[in-house]
Amino acid sequence: MNQTRNLLDDALDLNNNNNGGQVVVIEDCIETSGALGCNLAMQRESERFHFLDMLSMHCPDEEEEKLCEGGLVSLYEKIQKAVEVSSSTEGNKNSVTIMIDDISLVEVAANVSSNHVSDFLHYCLTLTSDFGCTLVILSHEDVYSSMEKPMLILQMEYLADVLIKTEPLAIGLASDIHGQVSLLIYFLTVVNRGRYEKRSLKTKTSNFQFKIRDNNVECFYPGSQT
Amino acid sequence: MAATKTRTSSFSRNPSLLNSSHTSPGLKYGPNGSIFVSSGIPDLDKILGGGFPLGSLVMIMEDAEAPHHMLLLRNFMAQGLVHSQPLLYASPASDPRGFLGTLPSPVLSKDDKLRAHDSEQEKGLRIAWQYKKYFGEQQPNLGAQQDCKHEYCSDFDLRKPLERHFLSGQQISCVSIQDLVNLTSFHEHCSAFLNQIQRNDDCTSCIGRIAIQSLCAPQCGYSNMDWGMLSFIRSLKSMIRSSNAVAVISFSPSLLLPAFCKRWQHLSDILLSVKAIQDEDKELAKLLTGYQDMVGLLNVHKVARANTQVPVILEATTFSIKLQKRRYLTLECLNQAPVDGASGTSYATSGSCSGSSKTGALDF
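If you're wondering where the values come from, they're calculated on a predicted model, not measured in any experiment.

1. A closer look at the overall build of chain B
Link 1 in the chain: Across its full length, chain B carries 9 helices and 14 strands.
Link 2 in the chain: When the 364 residues of chain B are sorted by exposure, 51% land in the buried category.
Link 3 in the chain: By sequence separation, contacts in chain B at least 24 residues apart represent 75% of the contacts at least 6 residues apart.
Link 4 in the chain: Only carbon and sulfur atoms are counted for the fraction: they give 50% of the accessible area of chain B, which is about 17700 Å².

2. Points about the overall build of chain A
Link 1 in the chain: Per the secondary structure count, chain A includes 7 helices and 7 strands.
Link 2 in the chain: Helices (α) and strands (β) of chain A occur, in sequence order from the N terminus, as α-β-α-α-β-α-α-β-α-α-β-β-β-β.
Link 3 in the chain: Across the 226 residues of chain A, 50% fall into the buried class.
Link 4 in the chain: Accessible surface, chain A: about 11600 Å² in total, of which carbon and sulfur atoms supply 48%.

3. Considerations on the packing of aromatic side chains
Residue and element names in this part refer to chain B.
Link 1 in the chain: On inspection of all chains with the given rule, the structure shows 7 aromatic pairs over all chains.
Link 2 in the chain: Between Phe-52 and Phe-76, the aromatic rings sit 5.8 Å apart at their centres with planes inclined by 55°, giving tilted as the arrangement. Of this pair, Phe-52 sits in strand S3 (residues 52-53) while Phe-76 sits in helix H2 (residues 68-82), and the two are 24 residues apart along the sequence.
Link 3 in the chain: Given the relative accessible area of 1%, Phe-76 is considered buried.

4. Examining the confidence of the model for chain B
Residue and element names in this part refer to chain B.
Link 1 in the chain: In this model, chain B carries an average pLDDT of 77, and 73% of its residues clear a pLDDT of 70 or more.
Link 2 in the chain: Averaged over each element, pLDDT in chain B is lowest for helix H9 (residues 345-349) (41) and highest for strand S4 (residues 57-61) (95).
Link 3 in the chain: Under a pLDDT of 50 for its full length, residues 137-146 has, in the predicted model, 10 contacts with residues more than four places off or in other chains.
Link 4 in the chain: For this predicted complex, the interface confidence reaches an ipTM of 0.74, while the overall pTM sits at 0.77.

5. A short note on helix H7 (residues 151-159) of chain A
Residue and element names in this part refer to chain A.
Link 1 in the chain: Taken residue by residue, H7 has Leu-152, Ile-153 and Met-156 as its buried positions. Down the axis of H7, the buried side of the element spans an arc of 90°, and every buried residue falls inside it. Exposed residues on H7 whose side chains face more than 90 degrees from its buried face are Met-151 and Tyr-158.

6. Examining the environment of Lys-322 of chain B
Residues and elements named next belong to chain B.
Link 1 in the chain: Mapped onto the fold, Lys-322 is located in strand S13 (residues 318-324).
Link 2 in the chain: Those residues within four positions of Lys-322 in sequence are excluded, and the remaining contacts are Gly-290, Asp-293, Met-294, Tyr-328, Leu-329, Thr-330 and Glu-332.
Link 3 in the chain: Side chain to side chain, Lys-322 and Glu-332 meet in a polar contact 3.1 Å long.

7. Description of the side chain of Asp-269 of chain B
Residues and elements named next belong to chain B.
Link 1 in the chain: Along the chain, Asp-269 falls in the loop between helix H7 (258-267) and strand S11 (270-276).
Link 2 in the chain: The class of Asp-269 is buried, set by a relative accessible area of 16%.
Link 3 in the chain: When near neighbours in sequence (up to four residues on either side) are disregarded, Asp-269 contacts Gly-55, Ser-56, Leu-57, Lys-237, Arg-241, Lys-302, Val-303 and Ala-304.

8. Quick word on the sheet that holds S3 of chain B
Think of a sheet as strands paired side by side through backbone hydrogen bonds, with each pair either parallel or antiparallel.
Residue and element names in this part refer to chain B.
Link 1 in the chain: A sheet is described by the order of its strands in space; here 3 strands give the open sequence S1-S2-S3, paired in antiparallel fashion. The strands lining the two open edges of the sheet, one partner per strand, are strand S1 (27-29) and S3.
Link 2 in the chain: Inspection of the sheet shows strand S2 (residues 35-37) paired to S3 by 2 bridges, in the antiparallel sense. Among the inter-strand pairings, Val-37 is bridged to a residue of S3, identified as Phe-52.

9. Things to note about the sheet that holds strand S9 (residues 208-212) of chain B
All names here are of chain B.
Link 1 in the chain: Ordered in space as S8-S5-S9-S10-S4-S11-S12-S13-S14, the 9 strands form an open sheet in which the pairing is mixed. Both edges of this open sheet fall to strand S8 (172-176) and strand S14 (328-333), since each of them pairs with a single strand only. Neighbouring strand axes in the sheet, compared pairwise and without regard to direction, differ in orientation by 20° on average.
Link 2 in the chain: As paired strands, S4 and S11 are joined by 4 bridges and run parallel to one another. In the strand pairing of S11, Met-59 is matched with Leu-271.
Link 3 in the chain: Contacts from helix H6 (residues 226-241) reach S4, S9 and strand S10 (245-251) within the one sheet, and its direction differs from that of S10 by about 160°.

10. Side note on the state of the cysteines
Link 1 in the chain: Applying the stated rule across the entire model yields 0 disulfides over all chains.
Link 2 in the chain: Just so you know, Cys-216 of chain B is unpaired, no disulfide at all, and the nearest cysteine sulfur is the one on Cys-261 of chain B, 8.3 Å from it.

11. A closer look at the nonpolar core
The tendency in soluble globular proteins is for nonpolar side chains to be buried as a group.
Link 1 in the chain: Of all hydrophobic cores here, the largest spans 46 residues; its most connected members are Phe-52 and Met-77 of chain B.
Link 2 in the chain: Once residues lying within four places of it in the same chain are set aside, the contact partners of Met-77 of chain B are Leu-87, Tyr-89, Phe-99, Leu-100, Leu-103 and Ala-211 of chain B.

12. Observations regarding unusual backbone geometry
All names here are of chain B.
Link 1 in the chain: Of note, Ser-84 is a non-glycine position whose phi angle comes to about 55°, a positive value.
Link 2 in the chain: Locating Ser-84 in the fold gives a position in the loop between H2 and strand S5 (87-91).
Link 3 in the chain: Despite not being glycine, Ser-214 has its phi angle at roughly 50°, a positive value.

13. Re the pattern of salt bridges
Link 1 in the chain: Under the defined criterion, the tally for this structure stands at 5 salt bridges over all chains.
Link 2 in the chain: A salt bridge links Arg-263 of chain B to Glu-107 of chain A; the shortest N-O distance between them is 2.9 Å. One end of the pair, Arg-263 of chain B, is in helix H7; the other, Glu-107 of chain A, is in helix H4 (residues 103-109), on a second chain.
Link 3 in the chain: Relative accessible area serves as the criterion here: at 5%, Glu-107 of chain A is assigned to the buried category.
Link 4 in the chain: Across the pair Lys-322 of chain B and Glu-332 of chain B runs a salt bridge, and its minimum N-O distance is 3.1 Å. Placement of the pair is Lys-322 of chain B in strand S13 and Glu-332 of chain B in strand S14, with a sequence separation of 10 residues.
Link 5 in the chain: For Glu-332 of chain B, a relative accessible area of 27% puts it in the partly exposed group.

The rules behind the values
- Residues numbered from 1 in each chain as written.
- Chains lettered and ligands numbered in written order.
- Predicted model: local features only at pLDDT ≥ 70, side-chain atom pairs only at ≥ 80, totals over all residues.
- Heavy atoms only, no water.
- Helix = DSSP H or I, 4+ residues; strand = E, 2+ residues; numbered from the N terminus.
- Buried < 20%, exposed > 50% of the residue type's maximum accessible area, 1.4 Å probe, protein only.
- Contact = heavy atoms within 4.5 Å.
- Areas by Shrake-Rupley, 256 points an atom, 1.4 Å probe, with all protein chains shown as cover.
- Phe/Tyr/Trp six-rings, centres within 6.5 Å; stacked < 30°, edge-to-face > 60°.
- pLDDT = per-residue confidence, 0-100.
- Arc of directions from axis to C-beta.
- Polar contact = N/O pair within 3.5 Å; in protein donor to acceptor, adjacent residues only side chain to side chain.
- Pairing = 2+ DSSP bridges.
- Axes fitted to C-alpha atoms, helices over the stretch in contact; angles between N-to-C directions.
- Disulfide = S-S within 2.5 Å.
- Core = buried A, V, L, I, M, F, W, Y, C linked by side-chain atoms within 4.5 Å.
- Salt bridge = Lys/Arg side-chain N within 4 Å of Asp/Glu carboxyl O.

Below, the structure is given as structure tokens:
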């Protein structure tokens, strides 16, 4: 159990500066599930869980674009209110996580206006800097990989501080190992050299294999599972 | 946080959906408070760990070369009618009601269904080199004839049409989706159907089944509204999830853009696909046993995880569809033919034992 925390938390806590907010993008495909994503985020989340059902979110027809934009606006307003309430009562700003499961449903709900969806994402991003909360976005990589102009996913990958990709094992199915996950973490290193600071963007890649259990996700290095 | 809790599962759910004293034969209770509904195919129920969970959306990917998805749909619908469950059937045909005449009839007597192996077992010593085939037959044969209504999953005789008394006096609704300009009216129809189910207090009829055949068929008026169809599926999924119903949708992946096809697949809770097997495929005949009896292949891509996050790992994901005695639909694991010692090619072609969905249908 402790090993799980160490591996993932070590990887993810690297960017835990006082500014708080991180953006985590989790990409999955049909063979592996986003349950991993939810589990990862839940490990660090506070007790309160506000759930906004995106399956039943209703947006009017394609013709009425303004109203549909309104659908996303109201969703954002709900999220913002929830975050404000949580961070004011909790007292600890860094413990709020916004989890979007998943972004392709938001696209369907918004009836395709991907501009509106990316605006929505940018607005959610502002919450990370204003309130110091973490934004976790679940997306399906295989949906976008066959598109010619996968704008949305490229934008998300660009904005992400941490990119987590889950894939099935290359060799097929296994009951012990549910898949492999690769983490790509972008972080700024600041080096103080007397009169000036040098900032550089570095990346760190980690590859684990994982097994999903009822309460958590167990990550381990390939070959080390006993 | 999670480590300190002593519960074995993160989820605890009361099976309060139905009073346990009214155990309906159309339902089965599974682990983690899940409730299953039979698919109408005993082998498929076993593969999926009980059946279709209530509230799930099942998608079947069709093969344009063979109508095997109809077999699955027919059994699903017939099972619902045998249990007096309300049914909504939609298809691109101009008269979908006619399809009801092709539904199979349940087998009443178990004697008909005795497998041929039983008689073989008396023959004496046999070399069982594919021993997994024989595990299932160890179960004792139920001597008494059971009324099909009291069985969770009936065996259906595909050659015999469903008796009329199952079709009359039932809540059966047939909708043609051919001339629809958009899916709004059909969506309302589904919504009304599901609302009607919940109001019924009678236990046996409070489970609904929705079967939609070839949702993206080109003759339908809305078929080029990619996002419209996706939006319909999304809202159907949300309605089903909060109701006592199961929906089965079949569609042909070749008629959708790849990105949309993936989106449809992601929306499903259970994802199956059927593939045709060509007659006289010599390579396949060499590779598999029982090739001559196979009608097609069934692939299980995704299995719903009811109230748990632990994924279901199946021993095999590809099964052969066979018609026993040309009547009964069975699904069997693929068994590799014995390797011809002279040519070592079989080892090269056989990959892992269980199918990886990334590879083609023949690569199991």
